[in-house]
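# Fold and contact review
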Amino acid sequence: MYFPKLNAPRQSRVTVNRFPGLDRRPRGQEGSFREMENLCAQGYPTLMVRRPRGIAGSVTAPGGLTAKDGLIWVDGHTLYINGSAAGLVLSEGKKQLVSMGAWLLIWPDKLYINTKDLTDFGSLENKRVTEGEVSFTLCRPDGTAYSGYLAADTAPEEPESGSLWLDTGGEETALRQYGQDGWMEVDDVCVGLHAAGIGVGFRAGDGVSVSGCREEALNGSFQLRAAEEDCLVVTALPGGLSSQTEPVTVERSVPDMDYVVESGNRLWGCKYGVVDGKAVNEIYASKLGDFKNWNCYAGRSTDSYAATRGSDGPFTGAADYLGSPLFFKEDCVERVYPSAAGAHQIVTVRCPGVRKGSGRSLQTVEGVLYYHGCGGVYAFDGSMPQRVSQALGEDEYHGAVAGGADGKYYLSVLDAENQPQLLVYDVRQGLWHREDDLRAVGFAVSGGVLYAMTGAGDILALKGGGTVQEEPVVWWAETGDLGLDSGEGKYLVRLSLRLRPEEGSTVRAAVSYDEGQTWQEQGGVTGSGRLRDCVLHVRPRRCRRLRLRLYGVGGCRVYSLTAVYEKGSDGP
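Presented here is a report on the structure given in the accompanying data block. All residue numbers refer to positions counted from 1 along the written sequence of the respective chain. Totals for whole chains, interfaces and linings use all residues, but because this is a predicted model, local features are given only for residues with pLDDT of at least 70 and pairs of side-chain atoms are given and counted only at 80 or more. As a convention, hydrogens and water are excluded, and side-chain values are obtained from all of the structure's heavy atoms.

### As for the overall build of the protein
Heads up, the condition is: Each helix is a run of H or I in the DSSP string that is no shorter than four residues. Each strand is a run of E no shorter than two, and both are numbered from the N terminus. For the radius of gyration, the atoms used are the C-alpha atoms, and the globule rule reads 2.2 Å times the number of residues raised to 0.38. Burial status follows relative accessibility: with a 1.4 Å probe on protein chains alone, a residue under 20% of its type maximum counts as buried, one over 50% as exposed, and anything between as partly exposed. In this analysis, two residues are considered to be in contact whenever any of their non-hydrogen atoms come within 4.5 Å of each other.
A count of helices and strands for the protein gives zero helices and 52 strands. Radius of gyration (C-alpha) of the protein: 34 Å, far over the 25 Å computed for a compact globule of 572 residues. Within the protein, the fraction of its 572 residues that count as buried is 49%. Within the protein, residue pairs in contact and separated by at least 24 positions form 59% of the contacts whose partners lie at least 6 positions apart.

Put into structure tokens, the structure is as follows:
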């Protein structure tokens, strides 16, 4: 007697041994996860838990973070350089910290400090208002006074060789000297302004504005030819030089700017809005090598620079990239092409720009400029921006702040509900991972380590270090719906994960049959410290689709995920 032969259900296996990180699209890449926390691309193609962070310091009122030879940060009204408080007193609020050689410039306060000599600091601007008598003398550019000249409408009779005559009879006053060829005009005549303390804080070459002088020829914008404590020399030739007791104001000013960057040994900035009752939409540059002077226009290649722009809307960010200052708006970028001759050109390129409020997201990683725009995250290599955030889905973010190190772009953003997320883009692999809900107000790289200043005031070393180490990392990862890849009627029989947890680390698995509404535990493993892999088997109930969640505490690396399917009916 023979029993009927039964055919075993036909099984198929699908093994995933590459885990391409976060993918929130409805149909993500094979091996990707719809949501995750505290995973990284460091061990790609395996799935790896990020390293614990270190605490490098803390502040009470975080205002900004940067680095030169060491970390520099703002805590309330105080600037700290390598842990030492500088003598500057800052205003409240977030700061732009711009490096230019050994100097650090602080906006919007318009302050500077020499990071090699912390006693050398002050304001970029300077203003002196005289008290008491102000006298004026005709002089040479070095301040040496002309003496013995005669001021008259007509030339002196029977002059001697070398005699000086201040000619006030023409439309313009001129100083003339008698010689073999008669009365010849003296070039480069200057005027010295003498008053107690009038030159304090100024130096030769500064671009200043002078007001309050009786002689109108002495009011206006000048470039100082010489400067001493009680004397300033400007290029001018007024009709009269009588002294006065009315106050004279001399000022070196810096324009108000929304964003400031250093490029080519100049500072560049932009401003959109209303200043002193006038609509402004301009790009500025300081004098070459001189961050204090923004109003020097002597016809030289080293002069300051200002240009009005025709593009509409406020500036949203600025960066120096490939030797060109870039000034972004939401729908364009104003690209500056500096010229060694001073004939700078600006070209407006219509493209996705920086989203308003995400000006701190501009960061160069591996030679490419990344930023957060209205449509997501973009990569700009000098031609046209390309979006690289497709894997993040359709979620909208704002308030982006970014940092970059070791081939990774760290992006701290707020979602539609103002909840923070720290997203990391591995530019070498093209993969996104979500770390946690850390909210950063600034990033800086010092000694090859990326630091983040959080809104809570902690300064974190994102890959370890500092004085205090983070507790073992709590992590999790959740897939999308598994089992929707085939039109045939199949159901999952088993999921097998090959992984290696660190000693004492735990890994557990759960499944959901209702799109993540509820989760059912499926078991777990604990790292023994031995150098061997573990296999975690998950046996779900018979179903067409499910979601898998892995979670644990401590370091772990997942090598592969194998799904075993059996053919079922083709019904719903």
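From this point, things continue past the structure.
### A short note on the sheet that holds strand β39 (residues 408–414)
Note the cut-off: Should DSSP find at least two bridges between two strands, the strands are regarded as paired. Helix axes are fitted only over the stretch in contact, all axes being lines through C-alpha atoms; the angle between N-to-C directions runs from 0 to 180 degrees.
With antiparallel pairing, four strands are arranged side by side in an open sheet as β38-β39-β40-β41. The strands lining the two open edges of the sheet, one partner per strand, are β38 (398–405) and β41 (431–434). In this sheet, adjacent strand axes meet at a mean angle of 20° when their direction is disregarded. Here six bridges tie β38 to β39, and the two strands are oriented antiparallel to one another. Paired with A405 across the bridge in β39 is K408.

### Points about the layout of surface pockets
Rules: Using a grid of 1 Å spacing that covers the protein atoms alone, one calls a set of points a cavity when a 1.4 Å probe fits there but cannot get out, and a pocket when the set is open and has protein on both sides within 12 Å along at least five of seven lines; lining residues are those with an atom within 4 Å of a point. Grid points are joined across faces, edges and corners, and a volume is the space filled by probe spheres set on the points. Residue classes follow a fixed rule: Ala, Val, Leu, Ile, Met, Phe, Trp, Tyr, Cys and Pro count as nonpolar, while Asp, Glu, Lys and Arg count as charged, and any other residue, Gly among them, counts as polar.
Estimated volume of the largest pocket: approximately 1000 Å³. Lining of the largest pocket is provided by 36 residues; of these, T66, L97, A318, L362 and Q363 occupy positions nearest its centre. Of all the secondary-structure elements, those providing two or more residues to the lining of the largest pocket are β6 (62–67), β10 (96–100), β26 (259–263), β30 (317–321), β34 (363–365), β38 and β42 (440–446). Examining the composition of the lining of the largest pocket, we find that five residues originate from one element, β42, more than from any other. Its residues assigned to classes, the lining of the largest pocket comprises 21 nonpolar, 10 polar and five charged.

### A closer look at the nonpolar core
Defined as follows: Side-chain atoms within 4.5 Å are what join buried Ala, Val, Leu, Ile, Met, Phe, Trp, Tyr and Cys residues into a set we call a nonpolar core.
Core analysis: the largest hydrophobic core is formed by 50 residues, its most contacted members being Y370, Y409, W432 and L497. Counting residues in hydrophobic clusters, the runner-up holds 26 residues, among them V189, V191, I198 and V208.

### Quick look at the environment of G376
Along the chain, the position of G376 falls in strand β36 (residues 376–380). The sequence separation of G376 and A285 amounts to 91 residues, and the corresponding C-alpha distance is 30 Å. Those residues in contact with G376 that sit more than four places away from it in its chain are Y371, R387 and S389.

### A word on the pattern of salt bridges
Quick reminder of the rule: We define a salt bridge as a contact between a side-chain nitrogen of Lys or Arg and a carboxyl oxygen of Asp or Glu at a distance within 4 Å.
Under the counting rule described, the total for this entry stands at 31 salt bridges. The closest approach of N and O atoms between E470 and R50, which form a salt bridge, is 3.0 Å. Placement of E470 in the loop between β45 (468–469) and β46 (474–478) and of R50 in the loop between β4 (47–49) and β5 (54–58) is noted, with a sequence separation of 420 residues between them. Given a relative accessible area of 32%, E470 falls into the partly exposed group. Its relative accessible area of 5% is what places R50 among the buried residues. One salt bridge connects R214 with E246, and the closest N-O pair in it is separated by 3.3 Å. Remark: E246 occurs in the loop between β24 (231–234) and β25 (249–252) and R214 occurs in the loop between β21 (207–211) and β22 (220–223); sequence separation between them is 32 residues. Given a relative accessible area of 48%, R214 falls into the partly exposed group.

### Here's the deal with the pairing of β46
Looking at chain direction, strand β2 (residues 35–37) and β46 are connected through three bridges and run antiparallel. Each bridged residue has a counterpart across the sheet, and for M36 the counterpart in β46 is A477. With five bridges joining them, β46 and strand β51 (residues 547–553) adopt antiparallel strand pairing. Across the sheet, E478 pairs through a bridge with R549, a residue of β51.

### Some points on the sheet that holds strand β27 (residues 266–275)
What the four strands build is an open sheet, ordered β26-β27-β28-β29; its pairing is antiparallel. Only two strands of the sheet have a single neighbouring strand rather than two, namely β26 and β29 (305–308). Between one strand and the next, the sheet's axes are offset by a mean angle of 20°, whatever the strand orientation.

### As for the environment of L431
Among the secondary structure elements, L431 is positioned in strand β41. Looking at L431, the relative accessible area reads 5%, which means it is buried. Those residues within four positions of L431 in sequence are excluded, and the remaining contacts are F19, P20, Y44, V424, Y425 and D426.

### Looking at the side chain of T66
Within the secondary structure, T66 is located in strand β6. We classify T66 as buried; its relative accessible area is 16%. Look past the residues within four positions of T66 in its chain and what remains in contact with it is L71, I72, L97, L104 and A444.

### Some words on empty space enclosed by the protein
If a probe the size of a water molecule is rolled over the atoms, the empty space left behind becomes visible. As enumerated under the stated definition, the model contains two cavities of 30 Å³ or more in all. Quantified by volume, the second largest cavity comes out at close to 40 Å³. What lines the second largest cavity is D481, S512, Y513, D514, E515, R545, L546 and R547. Counted by class, the lining of the second largest cavity contains two nonpolar, one polar and five charged residues.

### Some remarks on the packing of aromatic side chains
Here the distance between the centres and the angle between the planes together describe a pair of aromatic rings. Threshold: To pair, rings of Phe, Tyr and Trp, with the six-membered ring standing in for Trp, must have centres within 6.5 Å; the planes then decide the type, stacked if under 30 degrees apart, edge-to-face if over 60, and tilted in the middle. We call a charge positioned above a ring when the Lys NZ or Arg CZ atom is no farther than 6 Å from the ring centre and deviates by at most 35 degrees from the ring normal.
Tallied over the full model, the rule gives 16 aromatic pairs. Between the aromatic rings of F315 and F327, the centroid separation amounts to 6.4 Å while the plane-to-plane angle is 75°, which identifies the pairing as edge-to-face. In this pair, F315 sits in the loop between β29 and β30 while F327 sits in strand β31 (residues 324–329), placing the two residues 12 residues apart along the sequence. The exposure classification of F315 matches that of F327, with both residues buried. Pairwise contacts between aromatic rings join Y370, Y409, Y425 and W432 into one cluster. Lying over the aromatic face of W476, R549 brings its terminal NZ or CZ to 5.1 Å of the ring centre. Taking NZ or CZ as reference, R549 lies 4.6 Å from the ring centre of W519, over its face.

### Some points on the pairing of strand β20 (residues 190–194)
Most of β20 is tucked away, with four of its five residues classed as buried. Across five bridges, the pairing between strand β15 (residues 135–139) and β20 is antiparallel. Counterpart to S135 in the pairing with β20 is H194.

### Considering unusual backbone geometry
Cis geometry is adopted by the peptide bond preceding P45, which originates at Y44 and carries an omega value of 15°. When you line up the elements, P45 lands in the loop between β3 (39–40) and β4. Residue P108 is bonded to the preceding W107 through a cis peptide linkage, with omega at 5°. In this fold, P108 is placed in the loop between β11 (103–107) and β12 (111–114). One non-glycine residue, K110, adopts positive backbone phi at about 60°. Inspection of the secondary structure assignment puts K110 in the loop between β11 and β12. According to the relative accessible area criterion, K110 is buried, its value standing at 9%. The backbone phi angle of N418 is positive, close to 60°, even though this residue is not glycine. Within the secondary structure, N418 sits in the loop between β39 and β40 (420–426).

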